[in-house]
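Listed here are the chains, written in short residue letters.
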Amino acid sequence: GFQLANYFALYDAYETRKLREVAVVLEPEMDARTLANVYRQVCEFVCQACGVDCTDATHLLHLHFNDGDPTNTATENLYILCVDCHAQQPGHDHMKVQPVVQDGIEMVKDRRASQRIVSLK
């Protein structure tokens, strides 16, 4: 049966979410698209910030360069973020005005709701 304690253990709205680090072995001169695809697979098509599963809609997951430098492909600089979490990163306000990004954000929000992901945003 349903137990409230188990529910809150799984879906704790007050839990601080941290970006998870992922280690990847990179091929020499891997292009950005290939790099993003490899990272999506390594992260099992889940946003490293909010935890939304985008297995069947991988276009909703973006490769984020934490320091803003796309030439810095060090593992600690790379994160897979859903379009919503990516648009909320510092310096990414320009994404929010793009219609395709706005559509993606709505899709991510619907996915979070269906996956019962509680967000404090």
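Refer to the structure printed above.
## Some words on the overall build of the chain
Within the chain one finds four helices and two strands. Order of helices (α) and strands (β) in the chain, N terminus to C terminus: α-α-β-β-α-α. Sequence separation of 24 or more characterises 55% of the internal contacts of the chain that already satisfy a separation of 6 or more.

## Brief notes about the nonpolar core
Ranked by internal contacts, the top residues of the largest apolar core, which has 28 residues, are Cys 47, Val 52, Leu 63, Cys 82, Val 83 and Cys 85. With five residues, strand 2 (residues 78-82) is the single largest residue contributor to this core. If sequence neighbours within four positions are ignored, Leu 63 has contacts with Ala 32, Leu 35, Ala 36, Tyr 39, Leu 78, Tyr 79, Ile 80 and His 86.

## Observations regarding helix 2 (residues 32-42)
Burial in helix 2 covers these residues: Leu 35, Ala 36, Tyr 39 and Arg 40. Viewed end-on, helix 2 has its buried residues packed into an arc of 135 degrees, placing them on one side of the element. In helix 2, the exposed residues that point more than 90 degrees away from the buried face are Arg 33 and Gln 41. For helix 2, the elements touching its buried residues are strand 1 (61-65) and strand 2. With a side-chain oxygen positioned 3.0 Å from the backbone nitrogen of Arg 33, the residue opening helix 2 is Asp 31. Looking one or two residues past helix 2, Glu 44 carries a phi angle of roughly 55 degrees, positive in sign.

## Quick look at the pattern of salt bridges
In the structure shown here, the tally under the stated rule is three salt bridges. With a closest N to O distance of 2.9 Å, Asp 56 and Arg 111 form a salt bridge. Taken together, the residues span a long stretch of sequence, with Asp 56 in the loop between helix 2 and strand 1 and Arg 111 in helix 4 (residues 99-114) at a distance of 55 residues. On the basis of relative accessibility, which here comes to 64%, the residue Asp 56 falls in the exposed class. Between Asp 93 and Lys 96 there is a salt bridge, and its shortest N-O distance comes to 3.6 Å. A residue is classified by how much of its surface remains accessible, and Asp 93, at 52% relative accessible area, is exposed. You can call Lys 96 partly exposed: its relative accessible area is 37%.

## Overview of the side chain of His 64
Structurally, the position occupied by His 64 is in strand 1. Owing to a relative accessible area of 3%, His 64 belongs among the buried residues under this scheme. A polar atom in the side chain of His 64 sits 3.4 Å from the side chain of His 86. When near neighbours in sequence (up to four residues on either side) are disregarded, His 64 contacts Asn 77, Leu 78, Tyr 79, Leu 81, His 86, Gln 89 and His 92.

## Brief notes about the environment of Asn 77
Here Asn 77 shows up in the loop between strand 1 and strand 2. Non-local contacts of Asn 77, meaning those with residues more than four positions away in its chain, are made with His 64, Phe 65, Asn 66, Asp 67, Asp 69 and Asn 72. Only 2.7 Å separates the side chain of Asn 77 from the backbone nitrogen of Asp 67, close enough to count as a polar contact. Polar contacts involving the side chain of Asn 77 include one to the main-chain carbonyl oxygen of Asn 72, which spans 2.8 Å.

About the thresholds
- Residues numbered from 1 in each chain as written.
- Predicted model: local features only at pLDDT ≥ 70, side-chain atom pairs only at ≥ 80, totals over all residues.
- Heavy atoms only, no water.
- Helix = DSSP H or I, 4+ residues; strand = E, 2+ residues; numbered from the N terminus.
- Contact = heavy atoms within 4.5 Å.
- Core = buried A, V, L, I, M, F, W, Y, C linked by side-chain atoms within 4.5 Å.
- Buried < 20%, exposed > 50% of the residue type's maximum accessible area, 1.4 Å probe, protein only.
- Arc of directions from axis to C-beta.
- Polar contact = N/O pair within 3.5 Å; in protein donor to acceptor, adjacent residues only side chain to side chain.
- Salt bridge = Lys/Arg side-chain N within 4 Å of Asp/Glu carboxyl O.

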